[in-house]
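# Fold and contact review
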Amino acid sequence: MSEEMSRSSRNAPQRKQNKRKVPRGNKKKGFGHYAKLTILSLLSIGAVIAIAGAALFAYYASSAPTVTNAALVGTQQSEILDREGDVIWTSGTQDRKIAQQAEIPDLLKKSVVSVEDRRFYDHGGIDLQGIVGAALGDLTGSSLGMRGGSTLTQQLIKLTVFSTAASDQTIRRKAQEAWLAINLEKKYSKNQILTMYINKVYMGNGVYGMKTAAQYYYGKPMNELTVPQTALLAGLPQSPSGYDPYVNPTGATERRNTVLDAMAENGVISKADAKKYAATSVSDGLLTEHPAAAKTAELAKVSDSYLTSTFAALTKKGFNIDTDGLIVHTNLDINIQKKAYELANSDDSPLVWPNDKVQIGATVIDPNNGQVVAQIGGRKQDTALGLNRATQKNRSSGSTAKPIVDYGPAIEHLNWPTYRGLDDSPYTYAGTNIQVYDADHLNKGFITMREALVESRNIPAIRTLQAVGNTNASKFLAKMGIKLDGALKPADAIGINVSTEQEAAAYSAFDNGGTYYQPQYITSIEERSGETKKFSDAGTVAMKSSTAFMMTSMLQSYVTNSYAKMVNTSAYYQGGKTGTVNYDSNVNVPNDAVSDSWFTGFTKAMAISVWTGYDSPNSPNSYLPADGYSANSPQYLSLLFYKNLMHYIMSDSKRDGSNWKMPSTVTKVQKYGNTEYEVKGAKFTDPGITAKTITSSSSSSSSSSSSSSFSTPAVSTTSISSSSSTSSSSAISSSNTSSSSSSSASTNDTNNNQ
């Protein structure tokens, strides 16, 4: 055996010994193996997501709306219609001018493309590269204000068929938008698409299309615009109101300069020229007068406040009246609206307004569904869409608060009958020396709740709120759509800050048997996509039927037996309540002057709430005088406005003016010689009214009277004493409840209100 073989032989056992078998399942796997598995897994997941995304995209695309040529070249303008379908307002203040493709200057086209969609001529409707670039641009701050990855084609689709409401920015809509944009690019040329976009975009101030905008802002055709002017127009569509050169010249300048930079970046102008043009004032060449806009504003005056409320409702629902191209159907009864406007503004109005500064807020609601049919937010107003006093909540309601703060909750929560005895003895606010007075400065002892309401006495109202409790009263108010800032105070029993819209809706709940409807201005909205959205309120139970009926009965007594009887008629049944707020004794105004005068009343067909007063009641001569309580007293304006408007409304024989029927939850009784009502089978406390208290209350009141039906604001009460009418000299002015140091009638919570 050779030496080599010997070594081999000697080493063989050792090699055999060192060789160990590794189980196949325990072999070590390297990094490459795991990386490969990870990549394969990601690819698989990606494939699944891609397939699912494609399927979802196809599903959404299959239900995309049809885009017609008429829709593409049509307006973005919105229309608001009355309940009969007649147009009362359109969003354009200028006659829209359509530009032909040949008349659009290259400079304007290039400026729009530069800032909105730089790759417009390269993509097929959607721009994946642009999406990535825009995202990176946002991160680096170099996006030059471009709208993300949305192409001009996609923007045209959105302007044509989709709403810009935030609630509609869904994956479904985005997929449909992309699909429609791709198809649009196959049907139209780039220049056609760009022309349609330029003609359709909203340019602010009620202007649609850049040809119209050139005339509105600069009074000249597009080809005569300077480079800075062209850049301003190209930048406006992104935020027409935010970049309005009249309202926000700083923002408009920044946006215009962004467009100039984009133009330079895109080779349309040089960077040196961009810098030079950026130094030009944004007001250069801007027109200061717009006759067409002034004409439109004049035409919208009659329905001005109703439009303001409609716009607010649209915004709340997520719509943009300027850009969404909506057809909005409202509940406006234009005939009632015109009558209300005439009463407030016409020189031939039967109402005698002391001067043009006396203002009004009024809301008319159908109590059976909450539909607002008319609204007046001011008189003698020079501007369109101005202050809407019908919805402002910064004026005290006076005693129109008593049914909703005091007596309604007392019936609802304490089961008080309409004849329940209330204490009208002297009252001082707890923890103070502030004494509360009634209008006549008298105290009548115990009187019925009906009598307390009819005479609008303050002390029984405050004690009623105290018995009901702030929590129960607040709950009652909330169910009728009234939520106050902070907790109720004792003085709130005789006046709270509220709007005519709120009061008309709240009193409607008494009127219709206990259901509260939110005020409804809009019935339906037709979108450009063809979809129609309908709106209504099913109503919520605000109170028991017994509460509604018994309060309505007492409010009927107020109309027939108080100074509000001037609105009474045998032609139809109605209920209502006045409210006045007078000044502190240290304010230099006549003793009987008031700062606010209210009347809220209703028939079964309609509810109307009216406020009259001055915007600044503490300015010199800005008060409503008594004027001897003649038929034309400024303090009767709210009553007379209601009277004339309700008479006009109820002259329609189709409207229900019948009396209210007693529900099964109520029992009719005879008390103190009058017909009164109880909650059927309910337990309640009643201190009662004895012969002694009747005598004392009668003897403490004035027996003076007047031959004029309008001269005495507090007429005989519903029962008890024939001599219990208040003095005509103390009438509507409601003496102060305290010697509060406040000099403002509108901010003093302790004013005595009637």
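As shown above, the structure is provided for reference.
Residues numbered from 1 in each chain as written. Predicted model: local features only at pLDDT ≥ 70, side-chain atom pairs only at ≥ 80, totals over all residues. Heavy atoms only, no water.

Another point: the overall build of the chain. When helices and strands are tallied, the chain shows 23 helices and 18 strands. Put simply, the chain has 754 residues, and 53% of those count as buried. Put simply, 72% of the contacts in the chain that link residues at least 6 apart link residues at least 24 apart. Entry remark: accessible area of the chain is about 33000 Å², with carbon and sulfur atoms responsible for 51%. (Helix = DSSP H or I, 4+ residues; strand = E, 2+ residues; numbered from the N terminus. Buried < 20%, exposed > 50% of the residue type's maximum accessible area, 1.4 Å probe, protein only. Contact = heavy atoms within 4.5 Å. Areas by Shrake-Rupley, 256 points an atom, 1.4 Å probe, with all protein chains shown as cover.)

The geometry of an aromatic ring pair is captured by the separation of the ring centres together with the interplanar angle, meaning the angle of the planes. In total, this model carries 15 aromatic pairs according to the counting rule given. Look at phenylalanine 120 and tyrosine 121: their rings are 5.0 Å apart centre to centre, the planes differ by 75°, and that puts the pair in the edge-to-face class. One aromatic cluster in this structure is built from Tyr507, Phe510, Phe602 and Trp660. Its end group placed over the ring of phenylalanine 120, lysine 190 keeps NZ or CZ at 4.6 Å from the ring centre. Lysine 671 extends its terminal NZ or CZ atom over the ring of tyrosine 672, reaching a point 5.8 Å from the ring centre. (Phe/Tyr/Trp six-rings, centres within 6.5 Å; stacked < 30°, edge-to-face > 60°. Lys NZ or Arg CZ within 6 Å of the ring centre and 35° of its normal.)

A word on the sheet that holds strand E15 (residues 594–602). Pairing is antiparallel in the open sheet, where five strands are placed in the order E5-E4-E16-E15-E14. Sheet topology places strand E5 (372–376) and strand E14 (575–582) at the edges, where each strand pairs with a single neighbour. On average, adjacent strands in this sheet sit at an angle of 5° to one another, irrespective of strand direction. When strand E4 (residues 359–365) meets strand E16 (residues 607–613), the two strands line up antiparallel, connected through seven bridges. Of the residues in E16, the one forming a bridge with glycine 361 is tryptophan 611. Helix H20 (residues 500–511) rests against E4, E5, E14, E15 and E16 of the sheet, and its axis sits at about 35° to E4. Strand contacts of helix H21 (residues 545–561): E14 and E15, with the helix running at about 65° to E14, the strand carrying the most contacts. (Pairing = 2+ DSSP bridges. Axes fitted to C-alpha atoms, helices over the stretch in contact; angles between N-to-C directions.)

Let us now look at a nonpolar patch on the surface. Side chains of Leu37, Ile39, Leu40 and Leu43 sit close together on the surface and give an oily, nonpolar patch of about 380 Å² of accessible area. For isoleucine 39, the location among the structural elements is in helix H2 (residues 31–62). (Patch = residues over 30% accessible without salt bridge, like charges linked within 9 Å, V, L, I, M, F, W, Y side chains within 5 Å. Salt bridge = Lys/Arg side-chain N within 4 Å of Asp/Glu carboxyl O.)

Moving on, we come to the packing of helix H4 (residues 106–116) against helix H10 (residues 227–235). Two elements in contact, H4 and H10, have axes whose closest approach is 9 Å; the angle formed by their N-to-C orientations is 50°. Considering their axes alone, H4 and H10 lie oblique with respect to each other. Crossing handedness for the pair H4 and H10: right-handed. Here Leu107, Leu108, Ser111, Val112, Val115 and Glu116 of H4 come into contact with H10, specifically with Val227, Thr230 and Ala234. (Parallel < 35°, antiparallel > 145°, perpendicular 65-115°, else oblique. Left-handed = near helix turned anticlockwise from the far one by under 90°.)

Glancing now at the nonpolar core. Ranked by size, the top nonpolar core spans 74 residues in total, and within it Leu314, Ile404, Tyr407 and Met480 carry the most contacts. In contact with methionine 480, not counting residues within four places along its chain, are Ile404, Ala506, Ala509, Tyr516, Ala542 and Met543. The next biggest cluster of nonpolar side chains, apart from the first, holds 52 residues, and it includes Val67, Ile104, Leu180 and Leu194. (Core = buried A, V, L, I, M, F, W, Y, C linked by side-chain atoms within 4.5 Å.)

A few words on the pattern of salt bridges. Inspection of every chain in the model, using the stated rule, returns 23 salt bridges. Arginine 457 is the partner of aspartate 424 in a salt bridge, and the nearest nitrogen-oxygen pair spans 2.7 Å. Placement of the pair is aspartate 424 in the loop between strand E6 (421–423) and strand E7 (427–428) and arginine 457 in the loop between helix H17 (449–454) and helix H18 (458–468), with a sequence separation of 33 residues. By relative accessible area, aspartate 424 is classed as buried at 0%. Taken together, the shared-partner salt bridges in this structure form one network comprising Asp424, Asp438, Asp440, Lys444, Glu451, Glu455 and Arg457.

Before going further, it helps to spend a moment on the sheet that holds strand E3 (residues 327–330). Think of a sheet as strands paired side by side through backbone hydrogen bonds, with each pair either parallel or antiparallel. Reading across the sheet, the five strands line up as E2-E1-E3-E11-E12 and stay open at both edges, with mixed pairing between neighbours. Both outer strands of the open sheet, strand E2 (87–90) and strand E12 (532–534), are each paired with one neighbouring strand and no more. Going across the sheet, the axis of each strand differs from the next one's by a mean of 20°, ignoring polarity. Pairing between strand E1 (residues 79–81) and E3: three bridges, direction parallel. Following the sheet pairing, isoleucine 80 is matched in E3 by valine 328.

Right, let's get into helix H22 (residues 637–650). The end-to-end C-alpha distance of H22 is 20 Å, a good match for the 20 Å that 14 residues give at a rise of 1.5 Å each. Counted residue by residue, H22 has 10 buried out of 14 residues, so it is predominantly covered. Listed in full, the buried residues belonging to H22 are Leu637, Ser638, Leu639, Leu640, Phe641, Tyr642, Leu645, Met646, Ile649 and Met650. Buried residues along H22 sit in contact with helix H15 (334–345), E4, E14, E15 and E16. (Expected span 1.5 Å × (residues − 1).)

Everything listed is a geometric property; what it means functionally is a separate question.
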